[in-house]
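Residue strings, one per chain:
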Amino acid sequence: MWGPVNARLAPRGRILPNGVSLAGIELARPAHICYPWLASRHNRLTVENPAPAIMHADPSPELIALLARLRLARPDEVRRVRGRVVRLAHDLPRFESVWVDALLQRRILTPYQAAEINGGRGEALAVGPYVLCRHAGSSGYAERFLARHRESRVPVCLTVAPLLEKRSSELLGGLDALVQKGRAVDVPSLAVVNDIGEEPRRVWAASRDVPGMTVAEWMVRNGRFPPEAVLEIARQMLEALAVLDSVGLVHGDLRPADIVLSGSGKVILLQPGVRQVLHPDEMPSDAKLMPEAYDYLAPERIACGSPPNPRSEIYACGCLWWHMLTGRAPLRGGNSLVKIQAAQIGRIPDVRLLAPETPAPLAEAVTAAVQRDPRSRPQTISKMATILGPTTNYGNATLRHRLHGHDAGVAAWGVSARHTAAFRHSALGVFIAGGCLVAAAAIGWAVWRDSGRSLEDAVPPRLATAAAAGMESAAPTITDLVAPNGDPERQDAAPDRDITPPNPPGTGSPPDVFILPCDSPVALDAGSLRSGQTVRGEVDARPIVVIPSPGLTLARENIRFQNIDFVWDAPEEALARQATMIRVQASSTAFQGCSFQSARTDAIPTAIAWLWPPDEKTSQRALPSGTIAIRDCVFRSVAAGVSCHTRAALAIDVDNTLYLGRGPLLDFRQYPRIDEPIVIRLRDVTLRESGPLMTCYWDVGEMPGAISVVADRCAFVPAGTTALMTFASKQTPRPVLPKIRWSGQGSLLAPAAPMVHWQDEQGRLHPLDDSAMSIAGLVRSEVEFAGPVGSDAGSSRVVRWQVPLQSSAAPGADPSRLAKSRD
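This one's a predicted model, so the numbers in the text were calculated from it and none came from an experiment. Residues take numbers from 1 onward in each chain, read along the sequence in its written order. In keeping with the model being predicted, local features are shown solely for residues with a pLDDT of at least 70 and side-chain atom pairs are shown and tallied solely at 80 or more, while totals for entire chains, interfaces and linings include all residues. Water and hydrogen atoms play no part in the side-chain values, which are based on all heavy atoms of the structure.

## What about the overall build of the chain?
Reasoning step 1: Helix numbers and strand numbers start at the N terminus; a helix is a DSSP run of H or I with at least 4 residues, a strand a run of E with at least 2. The helix and strand inventory of the chain stands at 22 helices and 42 strands.
Reasoning step 2: Each residue's exposure class comes from its accessible area (1.4 Å probe, protein chains only) as a fraction of the maximum for that residue type: buried when under 20%, exposed when over 50%, partly exposed otherwise. Buried positions account for 48% of the 823 residues belonging to the chain.
Reasoning step 3: Here the Shrake-Rupley method, with its probe set to 1.4 Å, supplies the accessible areas, and only the displayed protein chains count as covering residues. For the chain, the exposed area adds up to about 38400 Å²; of that, 55% sits on carbon and sulfur atoms.

## Brief notes about the pattern of salt bridges
When the charged atoms of two side chains with opposite charge come close together, those side chains can pair.
Reasoning step 1: By convention in these notes, a salt bridge is any Lys or Arg side-chain nitrogen within 4 Å of a carboxyl oxygen on Asp or Glu. On inspection of all chains with the given rule, the structure shows 29 salt bridges.
Reasoning step 2: Residue Asp76 pairs with Arg74 through a salt bridge whose shortest N-O separation is 3.2 Å.
Reasoning step 3: Owing to a relative accessible area of 34%, Asp76 belongs among the partly exposed residues under this scheme.
Reasoning step 4: A relative accessible area of 46% means that Arg74 is categorised as partly exposed.
Reasoning step 5: Note that Arg817 is salt-bridged to Asp632, the shortest N-O span being 3.1 Å. Taken together, the residues span a long stretch of sequence, with Arg817 in the segment after strand 42 (798–801) and Asp632 in the loop between strand 25 (625–631) and strand 26 (634–636) at a distance of 185 residues.
Reasoning step 6: On the basis of relative accessible area, Asp632 is assigned to the buried category, the value being 6%.
Reasoning step 7: A single salt-bridge network, built from bridges that share partners, covers Arg144, Asp253, Arg255, Asp258 and Arg275.

## Focus on helix 16 (residues 381–388)
Reasoning step 1: Listed in full, the buried residues belonging to helix 16 are Ile381, Met384 and Leu388. Angular distribution of buried residues about the axis of helix 16 spans 60 degrees; they occupy a single face of the element.
Reasoning step 2: Contacts were defined at the residue level, with two residues in contact if any of their heavy atoms lie within 4.5 Å. Looking at the packing, one finds that the buried side of helix 16 touches helix 10 (227–246), helix 13 (310–326) and helix 15 (360–369).
Reasoning step 3: Gly389, located one to two residues past helix 16, shows a positive phi value of around 85 degrees. By construction, the arc corresponds to the directions joining the helix axis to the C-beta atoms.

## Description of the sheet that holds strand 8 (residues 193–199)
Reasoning step 1: Here six strands make up an open sheet; going across it, the order is 3-4-5-6-9-8 and the pairing antiparallel. The open sheet has two free edges, formed respectively by strand 3 (126–127) and strand 8, since each of these has just one partner strand.
Reasoning step 2: One requirement defines pairing of two strands: DSSP has to find at least two bridges between them. Judged from the six bridges that link them, strand 8 and strand 9 (residues 202–208) form a sheet pairing that is antiparallel. For Ile196, the partnering residue across the bridge sits in strand 9 and is Ala205.
Reasoning step 3: Helix axes are fitted to C-alpha atoms over the stretch in contact, other axes to C-alpha atoms as well, and angles between N-to-C directions run from 0 to 180 degrees. Across the sheet, helix 7 (residues 111–118) lies against strand 4 (130–138) and strand 5 (143–149), angled at about 100 degrees from strand 4, the strand it touches most.

## Points about the sheet that holds strand 34 (residues 725–728)
Reasoning step 1: Here nine strands make up an open sheet; going across it, the order is 18-21-24-27-29-31-34-37-38 and the pairing mixed. The strands lining the two open edges of the sheet, one partner per strand, are strand 18 (552–554) and strand 38 (765–767). The sheet shows a mean angle of 20 degrees between the axes of neighbouring strands, direction not considered.
Reasoning step 2: Note: strand 18 against strand 21 (residues 580–584), three bridges, orientation parallel. Looking at the pairing, Leu554 lines up with Val584 of strand 21.

## Some points on the environment of Pro543
Reasoning step 1: Take Pro543: it is sitting in the loop between strand 16 (534–536) and strand 17 (544–547).
Reasoning step 2: Judged by its relative accessible area of 0%, Pro543 is buried.
Reasoning step 3: A C-alpha to C-alpha distance of 9.9 Å links Pro543 and Cys594, two positions 51 residues apart in sequence.

## Focus on the pairing of strand 30 (residues 678–688)
Reasoning step 1: With nine of 11 residues buried, strand 30 lies mostly within the body of the structure.
Reasoning step 2: Here strand 28 (residues 649–660) runs beside strand 30; their pairing, made up of nine bridges, is parallel. By the bridge assignment for strand 30, Leu650 is matched with Ile678.
Reasoning step 3: In this structure, strand 30 lies alongside strand 32 (residues 707–712), joined through six bridges in parallel fashion. Note that in strand 32 the partner of Leu682 across the bridge is Ala711.
Reasoning step 4: Pairing of strand 30 with strand 33 (residues 715–717), which is carried by three bridges, proceeds in the parallel orientation. If you follow Thr686 over to strand 33, its bridge partner there is Ala715.

## What about helix 15?
Reasoning step 1: Counting buried residues in helix 15 gives seven out of 10 residues, a clear majority hidden from the surface.
Reasoning step 2: Those residues of helix 15 that sit buried are Leu362, Ala363, Ala365, Val366, Thr367, Ala368 and Ala369.
Reasoning step 3: Those residues of helix 15 hidden inside the fold are in contact with helix 10, helix 13 and helix 16.

## Remarks on the pairing of strand 23 (residues 595–598)
Reasoning step 1: Here strand 20 (residues 565–568) pairs with strand 23 via four bridges, running parallel. Looking across to strand 23, one finds that Phe566 is bridged to Phe596.
Reasoning step 2: Relative to strand 26, strand 23 runs parallel, the two sharing two bridges. Bridge pairing links Ser595 to Val634 in strand 26.

## A short note on the confidence of the model for the chain
Reasoning step 1: The pLDDT score gives, residue by residue, the confidence of the prediction method on a 0 to 100 scale. Confidence along the chain averages 78 in pLDDT terms, with 75% of residues attaining 70 or more.
Reasoning step 2: Across residues 406–428 the pLDDT falls below 50, and counting only partners more than four positions away or on other chains, this stretch makes 11 contacts in the model.
Reasoning step 3: Contacts of residues 446–510 to residues separated by more than four positions or lying in other chains number 118 contacts, the stretch itself having pLDDT below 50.

## Concerning the packing of aromatic side chains
Reasoning step 1: Stacked, tilted and edge-to-face pairs are distinguished by plane angle, under 30 degrees for stacked and over 60 for edge-to-face with tilted covering the rest, among Phe, Tyr and Trp rings (Trp via its six-membered ring) whose centres lie within 6.5 Å. This model, assessed by the stated rule, comprises 12 aromatic pairs.
Reasoning step 2: With 5.8 Å between their ring centres and 50 degrees between their planes, Tyr112 and Phe145 make a pair best called tilted. Taken together, the residues Tyr112 in helix 7 and Phe145 in strand 5 connect sequence positions 33 residues apart.
Reasoning step 3: Arranged with centres 5.3 Å apart and planes meeting at 10 degrees, the rings of Phe561 and Phe591 form a pair that is stacked. Highlighted residues: Phe561 in strand 19 (residues 559–562) and Phe591 in strand 22 (residues 588–592), separated in sequence by 30 residues. A single burial state applies to Phe561 and to Phe591, both of which are buried.
Reasoning step 4: Among the aromatic residues, those joined into a cluster by ring pairs are Phe561, Phe566, Phe591, Phe596, Phe635 and Tyr659.

The following block contains the structure:
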């Protein structure tokens, strides 16, 4: 139907129309006339649009020269892949990227090298005498690569870090000293730095390549380690660390990515001492570090930026072994700030609560190693090794057996391709596959059923008794507050919550609870309290604590107050100055079910004044952090709820709280600087006929930091036209507004209340345009309460609002959970 076509025999026996030549790809007539299918695929190849001459071009001279300089491929090796390039390109021009892909398929280039060359970064593959082959991870302060020597082609582990000119000599001197010490400890269990160098804007350190799998890679594939494998790894680690200690060297960066497990069951520590040289100051304000960089860093190093020592090494070992046994990091948090806070104030629970099968020597060693106070840890590596004992042939065989997947608790589902093909084509294989699926479902159901058992069934009796006596969370957040007897107040609490007995197992000490008498008002002596104590009355009773004029000063960490009524009763001479009920000079404290009010009507105090850190030099050396938690509390007749005199990264958690004070709920006497972020978490909070939610005093000369507010199901109805937030400063605080991030859902703001006010030096208030702020989850609505403002918290229950919310539950505080009023 197309008409006659004269044909001639083409090379290789292919029939082509007259005028068509494969060598030149030229058509005597439009291709779509002779072959419509060709027009759909190659509609550009017509008489008017012949193929470009680049189809026969060789690789560019620049690519050939680059590969030759990097010793990746000779010119003849590059041209040898021409056939593969033709197949890859088809009818497209042979771009340089096609040649790179062909070299990748021939395994002349690695995927990382191909990606860098295609991205125009090929020159960066050369680092000193080495060429980078694969990216092996980042630590925040440096990048790690698998590389090889360009001349000898010997593989190495290469760490590359940015170089500042002012630190050039310091870095090179430290790395050179590291090489000298490494020559004295050249043992198989240590991959020490043996070559260093400097380039424009970067410095590098090389060590021998260690074939094997890192602890991090093993856990990604298999989950947590078997306890007997962790015991052998711990013993080998301590032997290697003892060798380092003998020459005055510490590793300084013990983490899963730096521990390699060889196929022979040996443990190798990668590049000891590198972190101490490349990142000597562990300042928490250094935001470039990854969150996991703080998982194994001793609290004293974060607080003071001190260099590593044997005690900090022991702490890192304990955290690493805890992680391997439980399958999760010892510190919670998804960002560096939360990790820093947890490292400073958090408690790592006993490993047997989550891994009850842990051998007794290993559990004892982990518990001793993760103590926050360095004086409570074993003082030397040798003492730590004494607890675990020496390595054994049986332990090495067990580790080797586990690493090869035999009896590792993980099903070996993989089989060879040949057996897979035969299996796929057999009816018996289908039957067996169905049986395997049924068995897997049965096993999964059994595991799920066992996971629902109580915690007491999974831990030894001695630990179960200690846990039942009083369990404390790692950090005093609202979700971790516990009832007076130590039982979790919520029955649906997660079983894997970070909990720990208040005293180490086996000490025989009673739960750390301070009981107050409830038959009459008492005066509390803060000097008699200890860190970590819970202060409360008898069960089902509320003590009244009368606060004298000097106030109550708390200098102990992690004090918790439960179900206490604090009453301010000051003499006449104390009214002239601004009074404070409770002064907190600690990084962490919590209040649950408490009330704060003044017994006088002519003067009102600030409920809580938070002074942290007490020493201003601490905030200059490092970035301190602090956490305060308030739950089920009522504030009446107070000038402010929490007045923050702080220079730190703060986390403030307020849950189910009624605020009826005249001033702000949160009063920041100094706006946070750029390295002092503040996170405010509000849930079911009611502000009624009160001052603003937050007041900040901004110094115009300071760069403002970020304040993140997350408000869920709150009702903000301040008095009159009081704004939700007030900023006091000499000039208009417009640079501050973009730093405020408001998020959450289901919170209401009274229509008459402005979002932001500026208070000038004369005390006058000016409304500000809040368009520069990021606000989400806050809507304006009229709010109706159950009754007028009074002493009864039930009258402040929200009964009606005018906007639809995602939940039918009323926003604001739940009076049934609040502290009951007293006559």
